[in-house]
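Architecture and fold: a report
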Amino acid sequence: TYVVTEDCIKCKYTDCVEVCPVDCFYEGENMLVINPSECIDCGVCEPECPAEAILPDTEDGLEKWLELNTQYSAQWPNITSQKAPPEDADAHKGEKGKFEKYFS
Ligand code: SF4
Ligand code: F3S
């Protein structure tokens, strides 16, 4: 599966949603997540994210994000079309420590 990671927080560009063939993105207040049991591993979303927030879970150190995507995709609503990002999205792009600062 692919997972959404910290770089999405406060950016939410939602380009990923537009390309996913199985509509497996779910929307929280500050970030999106992927439902790992619905993701078919096609990989088309990865290069679409301007924040480079989407990664295959085969990369090292992503256990926390796999867990978080699994947990919140079961709670948050499905999002199936792109919407405007937050006005300050670009200011938060690439910022470090966003999980600790903004995730709740
Ligand atoms: Fe959707 Fe494919 Fe991305 Fe999985 S890898 S979330 S199926 S676009
Ligand atoms: Fe987030 Fe990137 Fe999608 S910032 S909403 S994972 S396009």
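In this text the structure is predicted, and so the values were computed from the model without any measurement. (Residues numbered from 1 in each chain as written. Chains lettered and ligands numbered in written order. Predicted model: local features only at pLDDT ≥ 70, side-chain atom pairs only at ≥ 80, totals over all residues.)

This part takes up the overall build of the protein. The helix and strand tally for the protein stands at 4 helices and 4 strands. For the protein, the sequential pattern of α-helices and β-strands runs β-α-β-β-β-α-α-α. Here the C-alpha radius of gyration of the protein, 12 Å, is about what a compact globule of 104 residues would show, namely 13 Å. Each principal axis of the C-alpha atoms in the protein carries an extent, and together these give about 30 × 30 × 25 Å. Classification of the 104 residues of the protein by burial places 34% in the buried group. (Helix = DSSP H or I, 4+ residues; strand = E, 2+ residues; numbered from the N terminus. Rg over C-alpha atoms; globule rule 2.2 N^0.38 Å. Buried ≥ 20, exposed ≤ 12 C-beta atoms within 10 Å, placed from the backbone.)

Here we come to the site of ligand 2. Neighbouring ligand 2 are 13 residues, the closest being C8, C11, Y13, C16 and C49. Of the residues belonging to the shell around ligand 2, the class tally is 10 nonpolar, 1 polar and 2 charged. (Near = placed C-beta within 6 Å. Nonpolar A, V, L, I, M, F, W, Y, C, P; charged D, E, K, R; others polar.)

Membership of the largest hydrophobic core comes to 25 residues, with the highest contact counts inside it found for V4, C8, C16, F25, L32 and I34. Counting only elements with at least two residues in this core, the list comes to β1 (2-4), α1 (15-19), β2 (25-27), β3 (32-34) and α2 (63-73). Residues within four places of C8 in sequence aside, it is in contact with M31, L32, A51 and A53. (Core = buried A, V, L, I, M, F, W, Y, C linked by C-beta atoms within 7 Å. Contact = placed C-beta atoms within 7 Å.)

A positive phi angle is found at K10, which is not glycine, with a value near 70°. Structurally, K10 can be placed in the loop between β1 and α1. The phi dihedral of T14 is positive, around 60°, even though this residue is not glycine. Locating T14 in the fold gives a position in the loop between β1 and α1.

Here we take up the environment of I79. With respect to the helices, strands and loops of the structure, I79 is situated in the loop between α2 and α3 (89-92). Separated by 56 residues in sequence, I79 and D23 place their C-alpha atoms 7.3 Å apart.

Another aspect to go through is α2. Looking only at α2, the buried set comprises W65, L68, N69 and S73. Down the axis of α2, the buried set is contained in an arc of 110°. They therefore lie on one face. Among the exposed residues of α2, those pointing more than 90 degrees away from its buried face are E63, K64, E67 and Q71. Next to the buried residues of α2 lie β1, β2 and β3. (Arc of directions from axis to C-beta.)

Per-chain confidence: the protein averages 97 in pLDDT, with 100% of residues scoring 70 or above. Taken over the whole predicted complex, pTM reads 0.97, whereas the ipTM for its chain interfaces reads 0.98. (pLDDT = per-residue confidence, 0-100.)

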